[in-house]
Amino acid sequence: MFLVQLIRLVRRARAHKAFGVLVVGLLITIAVMGNAICFYVFDGEQDPTITFGDALWYSIVSITTIGYGDLSASTAGARIGMTVFIIIIGLTAFSIFFGLLIDWFTEMAFRGERGMANIHATGHTIIVHFPSEARVEQLITEIQSDRDREGSSEIVIVSDRLDRLPFRRPDVFFVRGSTLSAATYERAKIRDASKVIVLATSYDDASSDAVVASASSVIDAIKPELHIVAECMNVEHRKLFAAANCDAIVTGLHITGNLLVQEAQDPGISQTFDLITSNLGGDTLYSTQLDDVEGLPGYGDLVKRLMDGDLNVLAVARGRETFTRFTDLAPEAGDRLVYLADHRWSPEEIRG
């Protein structure tokens, strides 16, 4: 009868973790205190030098099965206490404890792999959607290779079309859930993220742009100041993304088409483009926002000075406008310099 009740107790403890911890903690406390009292009362009569602290030490060493041998039960009462409280109750409780611990770690690993666990990250990058393994792995490599990246190297992938990630990489986590649900992004710690990249759902999905724009709108509603970069499949859908408050829209197929034509006309452009858009080696593209332009010369003079420091300005981005000619262009607060260099320059370095 006792064994049946014990089995039922173990099943209930595994089903309800809080109840299991409470039961195990209570049993271990009873075992330690019960054995300590028996040892102190019975063996303490034989040896007055034994203190209750000694009895507690003896119980803890016994229940953990370490057994230093510095203390041992010598009287019948202490030995009976050892049998009941340590061997029967204590070791049973310890077995249940380790069973619960293994269950907890197993469940935590399972939930993490399946994207059901909450993410603990800060300053991370969130990648929304998983159009292909090669595409996402390329983005992860580029993000984590940025020598001057702002924020951590942690990446959280959000998708509702995966059961688990097809790869294992350091600092890459997975959240499974609807990309149109605010609750999904809360689990991905959207409020602590530094930036978000919203990819196409699939490169053969005609409704991809609508879903990407909707996901961007949900993210913007949660944290408006977060920098959102969205992938657009059809250049004619730009207005749809603008309405979703995307900070940047990348029309991948359109850019690829332009690059193919330019490379055919002027060989060498594509290999240069590959170099300056990658974080894996050599000079690359960076941008720096200038909030304080007081005292700065015109861009014509500024660009010449910066070139002496191996910073090659390619463009000035001002809102939705982009300028590539600088002769008569005056700096305005909020301008963002786009340049080619070996590291990201701070506004103070540019002013200096």
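Rules of the game
- Residues numbered from 1 in each chain as written.
- Predicted model: local features only at pLDDT ≥ 70, side-chain atom pairs only at ≥ 80, totals over all residues.
- Heavy atoms only, no water.
- Helix = DSSP H or I, 4+ residues; strand = E, 2+ residues; numbered from the N terminus.
- Buried < 20%, exposed > 50% of the residue type's maximum accessible area, 1.4 Å probe, protein only.
- Contact = heavy atoms within 4.5 Å.
- Areas by Shrake-Rupley, 256 points an atom, 1.4 Å probe, with all protein chains shown as cover.
- Pairing = 2+ DSSP bridges.
- Right-handed = clockwise from strand over helix to strand, strands pointing away.
- Core = buried A, V, L, I, M, F, W, Y, C linked by side-chain atoms within 4.5 Å.
- Salt bridge = Lys/Arg side-chain N within 4 Å of Asp/Glu carboxyl O.
- Patch = residues over 30% accessible without salt bridge, like charges linked within 9 Å, V, L, I, M, F, W, Y side chains within 5 Å.
- Lys, Arg positive; Asp, Glu negative; His and termini not counted.
- Charge placed at Lys NZ, Arg CZ, Asp CG, Glu CD.
- Expected span 1.5 Å × (residues − 1).
- pLDDT = per-residue confidence, 0-100.
- Polar contact = N/O pair within 3.5 Å; in protein donor to acceptor, adjacent residues only side chain to side chain.
- Phe/Tyr/Trp six-rings, centres within 6.5 Å; stacked < 30°, edge-to-face > 60°.

## Remarks on the overall build of the protein chain
At step 1: When helices and strands are tallied, the protein chain shows 12 helices and 10 strands.
At step 2: Counting all 352 residues of the protein chain, 38% fall into the buried class.
At step 3: Contacts spanning at least 24 positions in sequence make up 64% of the contacts within the protein chain whose residues lie at least 6 apart.
At step 4: When the accessible surface of the protein chain is totalled, it reaches about 19700 Å², and 58% of it is carbon and sulfur.

## Concerning the pairing of strand β5 (residues 227-231)
At step 1: Sheet topology note: the strand β4 (residues 195-198)/β5 ladder contains 4 bridges and is parallel. What sits directly across from Ile197, in β5, is Val229.
At step 2: Once you follow β4 into helix α7 (residues 208-222) and on to β5, the crossover reads as right-handed.
At step 3: As paired elements, β5 and strand β6 (residues 248-250) share 3 bridges and run parallel to each other. Counted as the bridge partner of Val229 is Ala248 from β6.
At step 4: In the classification by handedness, the crossover that spans β5, the intervening helix α8 (residues 238-243) and the parallel β6 is right-handed.

## Examining the environment of Asp160
At step 1: Tracing the sequence through the fold places Asp160 in the loop between β2 (155-159) and β3 (172-176).
At step 2: Remark: the alpha-carbon pair of Asp160 and Arg176, spanning 16 residues in sequence, is separated by 5.4 Å.
At step 3: In this structure, Asp160 is in contact with Arg176, Gly177, Ser178 and Thr179, ignoring residues within four places of it in sequence.

## Here's the deal with the pairing of strand β7 (residues 284-290)
At step 1: Side chains Thr284, Tyr286, Thr288 and Leu290 project from β7 onto a buried face, and the interleaved Leu285, Ser287 and Gln289 project onto a face without burial.
At step 2: Here 7 bridges tie β7 to strand β10 (residues 335-341), and the two strands are oriented antiparallel to one another. Paired with Thr284 across the bridge in β10 is Ala341.

## Here's the deal with the side chain of Asp146
At step 1: With respect to the helices, strands and loops of the structure, Asp146 is situated in the loop between α5 (133-145) and β2.
At step 2: Excluding anything up to four places from it in sequence, Asp146 contacts Asn279, Tyr286 and Arg344.

## Things to note about the nonpolar core
At step 1: Ranked by internal contacts, the top residues of the largest apolar core, which has 27 residues, are Ile126, Tyr185, Ile190, Val196, Val198, Ile219 and Phe241.
At step 2: Looking at this core, the elements that each hand over two or more residues are β1 (125-128), β2, β4, α7 and β5.
At step 3: In this view, Tyr185 contacts Val128, Val158, Thr179, Ile190, Ala215, Val218, Ile219 and Ile222; residues no more than four positions away in its chain are not counted.

## Topic: the pattern of salt bridges
At step 1: Enumeration according to the criterion identifies 8 salt bridges in this entry.
At step 2: With a closest N to O distance of 3.3 Å, Glu137 and Arg169 form a salt bridge. Residue Glu137 is found in helix α5, and its partner Arg169 is found in the loop between β2 and β3; the two are separated by 32 residues along the sequence.
At step 3: Overall, Arg169 belongs to the partly exposed group, its relative accessible area being 24%.
At step 4: What you see here is one network of salt bridges that share partners, running through Arg318, Glu332 and Asp335.

## Digging into a negative patch on the surface
At step 1: A contiguous patch of negative charge, built from Asp283, Asp308, Asp310 and Asp342, is present on the exposed surface.
At step 2: Secondary-structure assignment places Asp283 in the loop between α10 (269-276) and β7.

## Side note on a nonpolar patch on the surface
At step 1: On the surface, Met33, Ile37, Tyr40, Val41, Phe42 and Phe52 cluster together into a nonpolar patch covering about 490 Å² of accessible area.
At step 2: Element by element, the count of residues in the nonpolar patch is highest for helix α2 (residues 17-46), at 5 residues.
At step 3: Of note, Met33 is situated in helix α2.
At step 4: Looking at Met33, the relative accessible area reads 34%, which means it is partly exposed.

## Describing helix α3 (residues 52-63)
Along an α-helix, residues three or four positions apart point the same way, because every turn accommodates 3.6 residues.
At step 1: The end-to-end C-alpha distance of α3, which contains 12 residues, comes to 16 Å, matching closely the 16 Å that a straight helix rising 1.5 Å per residue would cover.
At step 2: Inspection of α3 places Ala55, Tyr58, Ser59, Val61, Ser62 and Ile63 among the buried residues, and these make up the whole buried set.
At step 3: Once α3 finishes, Thr65 follows within two positions and takes phi at roughly 60°, a positive value.

## Details of the confidence of the model for the protein chain
At step 1: Looking at the protein chain, the pLDDT average stands at 86 and 90% of residues meet or exceed 70.
At step 2: Per-element confidence in the protein chain ranges from a low mean pLDDT of 57 for helix α1 (residues 2-15) to a high of 95 for β1.

## Digging into the side chain of Lys223
At step 1: Tracing the chain through its elements places Lys223 in the loop between α7 and β5.
At step 2: Salt bridges are absent for the buried Lys223, whose nearest opposite-charge side chain, Glu225, sits at 4.7 Å.
At step 3: Of note is the side chain of Lys223, whose polar atom sits 2.9 Å from the backbone oxygen of Arg191.
At step 4: The residues touching Lys223, leaving out its near neighbours within four places in the chain, are Ile190, Arg191, Asp192 and Ala193.

## Thoughts on the packing of aromatic side chains
At step 1: Under the definition given, this model contains 4 aromatic pairs.
At step 2: With centroids separated by 5.7 Å and ring planes inclined at 90°, the aromatic side chains of Tyr40 and Phe52 adopt a geometry described as edge-to-face. Taken together, the residues span a long stretch of sequence, with Tyr40 in helix α2 and Phe52 in helix α3 at a distance of 12 residues.
At step 3: We classify Phe52 as partly exposed; its relative accessible area is 30%.
At step 4: Ring geometry for Tyr286 against Tyr339: centres 6.3 Å apart, planes inclined by 35°, an arrangement best described as tilted. With Tyr286 in strand β7 and Tyr339 in strand β10, this residue pair connects regions lying 53 residues apart in the sequence. A single burial state applies to Tyr286 and to Tyr339, both of which are buried.

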